[in-house]
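What follows is each chain in one-letter form.
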Amino acid sequence: MFQYILRRTLLIIPILLGVTILVFSLMHISGDPVKLTYGTNLTADMLQQKRQELGLDKPIVEQYFHWLINALHGDLGLSIRTHSGVIQLINERVWATLELTTIALLITLVVSIPAGIISAVKRYTFFDQVARIFALFWVSMPYFWLGLIFMIIFSINLKLLPVSGRGGAIWTWEGFKYLILPSLTLGLPPAALFMRMIRSNMLEIINEDYVRTARSKGLKEYTVVLKHAFRNALISVVTLLGLRIPWLFGGAVITETVFAWPGMGRLLVDSIMKRDYPVVQGVVLVIAILVVISNIIVDFAYAFLDPRIRYN
Amino acid sequence: MSVSKKEAKQQVEIEVAEKEVIASGQFWRIFKRNKLAIIGALIIIGVVLIAIFAPVIAPYDPTVQDYDNLLQPPSLDHPFGTDDLGRDLFSRVAYGARYTLLVGIGVVVIVAVVGSVLGFVAGYYGGKIDSLIMRFVDIMLAIPALVLALAIAGALGGGLWNVIIAIGAVGWTQFTRIVRAEVLKLRESEYITAARALGASDFKIIAHHIAPNMMAPVIVYITLYVPSAILWAASLSFLGLGVQPPYPEWGALIANGRAYISFAWWIATIPGLAIMLTVLGFNFLGDGLRDALDPRMARDL
């Protein structure tokens, strides 16, 4: 087990290196950021001076290694626009994003697991049919539109929840009510996908011999369903979880923009629009690190649930 | 060997042909039974017709501004109401179908071509080229697709074609994995070994034996990929990095309506319904195709 963890953890180094090269080259095909930022206000000489200040006059490979070495020392450079440290900007925002994604993930699981189990156990009943069609509608909605619909219903018409923004620490009601709509927006669409996955897996498992054995030895139905069937269906839930985690962070970018939730997503969109490439590089790198770490956690959960993986 | 080379080859071909006939017969039988798939196909045909005949269907010019009719709610004159510049929303949504379908088709073409070529090369030749391609895929997958698409669209600048390129550039990774896995599976099968033993070239094996057997998973995956492409394109436009106003792309229409949701709900909600309906059509159709073409895959979701 220890070896597996070590091997899996070491694998992230080349991936993250690749991410830095990819993002770095992407940001440098997009044109001269200095010209885009100051273009009309400065003379050619002053632009050249700006480029020197930012180190943009050097060859791109040299720029990359300079950036990489600084990044390894925890320095992601300065924003071209605001001149504040990229690390500092990210640090101000990353927690809001983690709050949003964590609560959204909880919503996904809390909704999809019971719905999937009931759908499978009560197969072809009214509940099952409605849940399945509802799920298809649900995955067909754009996040940002769903967010706006929630806003129109719950904030503007019913006046139950605030429209957007952040109201303070999320463990107080005052702060938490700002998080409700964004996390529902981000958490509910994937719940539909999870529900369908859990349903089809449960259906397959319920026909297995060991489930029949459990039934025939007189165990109560819920023990059979939850202990024997669902625990095995969990393995595929964890697999899907691993696949969906990048989506979660991608969806957070949109959700944060809709609800003016002050996370990294909005910072990213703003910085892309303004070609503030040090910030874009930093944010994408941090998001990639979060994705990779989450994937490792999922892999460990997987190894924990399915002993076959550990022994391979 | 008692069987001549030619006879063995004929035998292989007959078997393949038989499989195809059986498969196509089954296909229609299963597909016709699936009502949702038929509904999906009808929705898509409807959206395609709207896109083609938008100038005939639309009662107004989608770009003409009418300052006497600003922010009008849906009525007989304006079935979907008007926007902040008095433009007829029904006409704008009708024209918007063109962008959505173009994005869907464009992205799928890029994804299918790039994904098939790389997946084939990786799966068929294996070795160093395989590891190289798959490691690159791993790197791409560490960045959320939408984030990467945003960064690419930002780097290229907005506009329809750049949106298609940006989404296509992030979309091929999963498809490459699927094609590679299928090729790996087929490469070891007996009829490929037989074809190789008969001296068929790599090209012939790929074109005549591997490609036809991969059509089912490819068609299913592609149909199920169109919804993602449409949703991502709408998201890029919504965030201001896709198709730019005044062009009536559905995501851009929603972005425009966002400022007015407290008193003109129709501007943001109706284009969203159009997106949802189109995506739903592809999801229904994709599900139906999957059940009909490849029952093995039905288990996965």
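Predicted, not measured: the structure shown is a model, and the values here were computed from it.

**Student:** Honestly, the pattern of salt bridges in this entry has me stumped. Any pointers?
**Tutor:** Tallied over the entire structure, the rule returns 14 salt bridges over all chains. Note that Lys177(A) and Glu174(A) form a salt bridge whose closest N and O atoms lie 3.6 Å from each other. One end of the pair, Lys177(A), and the other, Glu174(A), are both in helix α9 (residues 173–206), three residues apart, so they sit about a helical turn from each other. Glu174(A) gets classed as partly exposed once you look at its relative accessible area, which sits at 43%. Of the charged contacts in the structure, one is a salt bridge between Glu188(B) and Arg187(B), with a shortest N-O distance of 3.3 Å. Here the salt bridges share partners, and the residues they tie into one network are Asp83(B), Arg87(B) and Arg92(B).

**Student:** Looking at this structure, I do not really get helix α4 (residues 44–54) of chain A. What am I missing?
**Tutor:** Because each turn of an α-helix spans 3.6 residues, side chains separated by three or four positions in sequence point in the same direction. All names here are of chain A. Taken together, the buried positions of α4 are Leu47, Lys50 and Arg51. Each buried residue of α4 sits inside an arc of 100 degrees when the element is viewed along its axis, so together they form one side. Exposed residues on α4 whose side chains face more than 90 degrees from its buried face are Asp45 and Glu53. In the stretch just after α4, Gly55 is the one whose phi turns positive, near 75 degrees.

**Student:** What's the story with the interface of chain B and chain A in this structure? I'm lost.
**Tutor:** At the junction of the two partners, chain B supplies 48 residues and chain A supplies 45 residues. Summed over both sides, the interface of chain B with chain A buries roughly 4,000 Å², with 80% coming from carbon and sulfur. Counting across the chain B and chain A interface gives one salt bridge. Salt-bridge contacts for Asp287(B) lead to Arg196(A); the nearest nitrogen and oxygen are separated by 2.9 Å.

**Student:** What's the story with the UniProt feature "transmembrane region" (unreviewed entry) in chain B in this structure? I'm lost.
**Tutor:** Residue and element names in this part refer to chain B. Residues annotated in UniProt with the feature "transmembrane region" (unreviewed entry) correspond here to residues 36–58, 99–125, 132–153, 159–179, 218–243 and 263–286. Split by type, residues 159–179 is 95% helix and 0% strand. Its first and last C-alpha atoms lie 30 Å apart. Measuring from the first to the last C-alpha atom of residues 263–286 gives 38 Å, for a span that is 92% helix and 0% strand.

**Student:** Would you take a moment to explain the UniProt feature "transmembrane region" (unreviewed entry) in chain A for this structure?
**Tutor:** If you check UniProt for "transmembrane region" (unreviewed entry), the listed places come out as residues 9–29, 100–121, 133–156, 176–195, 233–259 and 279–305 of chain A in our numbering. Across residues 100–121 of chain A one finds 100% helix and 0% strand; the C-alpha atoms that close the span lie 32 Å apart.

**Student:** How should I be thinking about empty space enclosed by the protein in this particular structure?
**Tutor:** Any empty space left between the atoms is revealed when a probe the size of a water molecule rolls over them. Residue and element names in this part refer to chain A. Considering all chains together, one arrives at two cavities of 30 Å³ or more under this definition. Taken as a whole, the largest cavity holds about 80 Å³ of empty space. Lining the largest cavity are Leu105, Thr108, Tyr143, Leu186, Pro190, Phe194, Leu241, Arg244, Ile245, Trp247 and Leu248. Of all the secondary-structure elements, those providing two or more residues to the lining of the largest cavity are α6 (86–121), α9 and α11 (221–259). Of the residues assigned to the lining of the largest cavity, the class counts are nine nonpolar, one polar and one charged.

**Student:** What is the right way to read the UniProt feature "domain: ABC transmembrane type-1" (unreviewed entry) in chain A from this model?
**Tutor:** Under the present numbering, the feature "domain: ABC transmembrane type-1" (unreviewed entry) in UniProt falls on residues 94–298 of chain A. Summarising residues 94–298 of chain A: 83% helix, 0% strand, and an end-to-end C-alpha distance of 21 Å.

**Student:** Would you mind going over unusual backbone geometry with me for this structure?
**Tutor:** Glycine aside, negative phi is the norm for most residues, and most peptide bonds take the trans geometry. Positive phi, close to 65 degrees, is recorded for His83(A), a residue that is not glycine. Looking at the secondary structure, you find His83(A) in the loop between α5 (60–72) and α6.

**Student:** What is the right way to look at the UniProt feature "domain: ABC transmembrane type-1" (unreviewed entry) in chain B in this model?
**Tutor:** Here, UniProt's "domain: ABC transmembrane type-1" (unreviewed entry) annotation points to residues 97–286 of chain B. Strand forms 0% of residues 97–286 of chain B and helix 84%; the C-alpha atoms that close the span are 20 Å apart.

**Student:** Sorry if this is basic, but what is going on with the packing of helix α6 (residues 145–156) of chain B against helix α7 (residues 160–187) of chain B here?
**Tutor:** The relative placement of two packed helices is expressed as an angle between their axes plus a distance between the axes. Residue and element names in this part refer to chain B. In the contact formed by α6 and α7, the axes pass within 8 Å of each other and the chain directions differ by 140 degrees. Seen along the crossing, α6 lies across α7 with a hand that is right-handed. Across the interface between the two elements, Ala145, Leu148, Ala149, Ile152, Ala153 and Leu156 of α6 pack against Asn162, Ile165, Ala166, Ala169 and Val170 of α7. Per-class residue counts for the contact of α6 with α7 are 10 nonpolar, one polar and no charged.

Criteria and cut-off values
Residues numbered from 1 in each chain as written. Chains lettered and ligands numbered in written order. Predicted model: local features only at pLDDT ≥ 70, side-chain atom pairs only at ≥ 80, totals over all residues. Heavy atoms only, no water. Salt bridge = Lys/Arg side-chain N within 4 Å of Asp/Glu carboxyl O. Helix = DSSP H or I, 4+ residues; strand = E, 2+ residues; numbered from the N terminus. Buried < 20%, exposed > 50% of the residue type's maximum accessible area, 1.4 Å probe, protein only. Arc of directions from axis to C-beta. Contact = heavy atoms within 4.5 Å. Buried area = accessible area lost by both parts, 1.4 Å probe. UniProt positions renumbered as here; feature names shortened; annotations may be inferred. 1 Å grid on protein atoms, 1.4 Å probe; cavity = no way out; pocket = protein on both sides within 12 Å on 5 of 7 lines; lining within 4 Å. Points joined across faces, edges and corners; volume = space filled by probe spheres on them. Nonpolar A, V, L, I, M, F, W, Y, C, P; charged D, E, K, R; others polar. Axes fitted to C-alpha atoms, helices over the stretch in contact; angles between N-to-C directions. Left-handed = near helix turned anticlockwise from the far one by under 90°.

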